[in-house]
Amino acid sequence: MELKQNFDLTNYNTFGVQSKAELCSIISSIEDIQNVIEQNKEIKKEIYPLGSGSNILLTQDVDKWVLINQLKGIIVLKENEKEVSLEVMSGEDWHEFVLHTLDQGYYGLENLSLIPGLVGTSPIQNIGAYGVEVKDFIDSVEFIYLESGKVEELDNRYIHFGYRDSIFKNELKGKIFITKVRLTLYKEPKVNVKYRALIDELEKRSIKDPSPKDISDAVIFVRQSKLPDPSKIGNSGSFFKNPIVDFSVLKTLKERFENVPNYPAEEGKVKLAAGWLIEKGGWKGFRDGNVGVHVKQALVLVNYGNGKGVEILQLSNKIISDIETKFGVSLEREVNII
Ligand code: EPU
């Protein structure tokens, strides 16, 4: 395992912003991680496991030991006629993994097609799209403590999954490197077509009884039509979370607007669409030099080329305070700021 210094991270974050890692190593085996932990007893840097860089905003050079995850491998742990349990190494690309499961006749993840990131980062923010969240398929997650090198496997019920949330964003944040994810998928299709955009797309295609592959194809199409491709325009998907607010906030908004998109949340509360709020605030398509708000999806901030991380951060701060003033709603960032 090589120890690289002043490693350029421009191609390792989907915003495509410039930043250097003081130290960096490519991780291709569990032993590599154990080596890093051992050597770090002398080097004493903060260790930072990087996924595919699709949910971070780098606002400065990274004074840490960045680990690039290339742990690969998928094995079947057990299967019967109805289900299959898989163990997947954390460095596998999420979307390629979803396509692989569909090819094998393993179903359930089709709605989560084309989400950027790695299998190992999927539980951290409990990725979700079109009515499905990854938490419904994860059995357990295995990880290594960065301080002690101890290996632990955590069962789903102890991961405290929530909307774009888990123990890995809270108690375990910065303390671990996720190595393996174990999931159970169906071998008989059980499709989920409750989400409006998906229903509309399948109707357009005249598909009445969709297969998981039909759903995956429709999801890929809808995502590609609304979300910018990071290889062309730098972005990290939804920059903010959809805010969960008291019913009274929705009531006030309904006095001002005819159709306010909203979704059920915990008791007495409701989830609003941050993209809708940002659009109503007049920000959709806004551009300030090299950075801006995506033209087709206001929840996505973009880097048009030479934008700096701080410029994107400043833009997000302006949006947060404007939405607070205009609608009394506090937006929270979904991406990790470094
Ligand atoms: N909307 C607007 N203007 C916009 C964007 C959205 O009015 O610019 C309205 C839409 O018309 C719709 C509502 O807001 O009524 C919700 O929009 P959409 O269906 O596009 O989904 P979203 O809430 O903006 C969430 C996830 C996405 C996921 C989609 C589809 C979050 C933070 N984002 O977006 O996830 O793909 O639903 O399920 O929950 C991501 O996390 O990076 C991501 C892309």
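Residues numbered from 1 in each chain as written. Predicted model: local features only at pLDDT ≥ 70, side-chain atom pairs only at ≥ 80, totals over all residues. Heavy atoms only, no water.

### Regarding the site of the ligand
Note the following rule: Consider each residue's heavy atoms; a residue with any of them within 4 Å of a molecule or strand counts as near. Polar contact is defined as a pair of N or O atoms within 3.5 Å, subject to the rule that within protein one atom must be able to donate a hydrogen and the other to accept it, and that residues adjacent in sequence are counted only when both atoms are side-chain atoms. Only DSSP runs of H or I with at least four residues qualify as helices, and only runs of E with at least two residues qualify as strands; both kinds are numbered from the N terminus onward. Three classes are used, and their members are as follows: Ala, Val, Leu, Ile, Met, Phe, Trp, Tyr, Cys and Pro are nonpolar, Asp, Glu, Lys and Arg are charged, and the others, Gly among them, are polar. Boundaries of every domain are those given by an automatic assignment or by a domain database.
Every one of the 23 residues lining the ligand counts as a neighbour, but Tyr-130, Tyr-163, Tyr-195, Asn-242 and Glu-279 are closest to it. One of the backbone N or O atoms of Ser-238 is found 2.8 Å from an oxygen atom in the ligand. Between the ligand and the protein, one listed contact pairs a nitrogen atom with a side-chain N or O atom of Glu-279 at 2.6 Å. Those elements giving two or more residues to the shell around the ligand turn out to be helix 4 (212-226), strand 13 (234-238) and helix 6 (274-280). By residue number, the principal contributor to the shell around the ligand is helix 6, which donates 3 residues. Split into classes, the residues belonging to the shell around the ligand amount to 12 nonpolar, 5 polar and 6 charged. Both domain 2 (74-186) and domain 4 (234-337) contribute no fewer than three residues apiece to the shell around the ligand.

### Brief notes about helix 4
Cut-off, in case you're wondering: Multiplying one less than the number of residues by 1.5 Å gives the expected span of a helix. A simple rule labels every residue: compare its accessible area, found with a 1.4 Å probe on the protein chains alone, to the largest value its type can have, and call it buried under 20%, exposed over 50%, or partly exposed in between. The contact criterion used throughout is that any non-hydrogen atoms of two residues lie within 4.5 Å.
Compared with an ideal rise of 1.5 Å per residue, which puts 15 residues at 21 Å, helix 4 spans 21 Å between its outermost C-alpha atoms and is within 8% of the ideal. Along helix 4, the residues that are buried comprise Pro-212, Ile-215, Ser-216, Ala-218, Val-219, Ile-220, Val-222 and Arg-223. Considering only its buried residues, helix 4 is in contact with helix 2 (94-104), strand 8 (128-129) and helix 3 (196-204).

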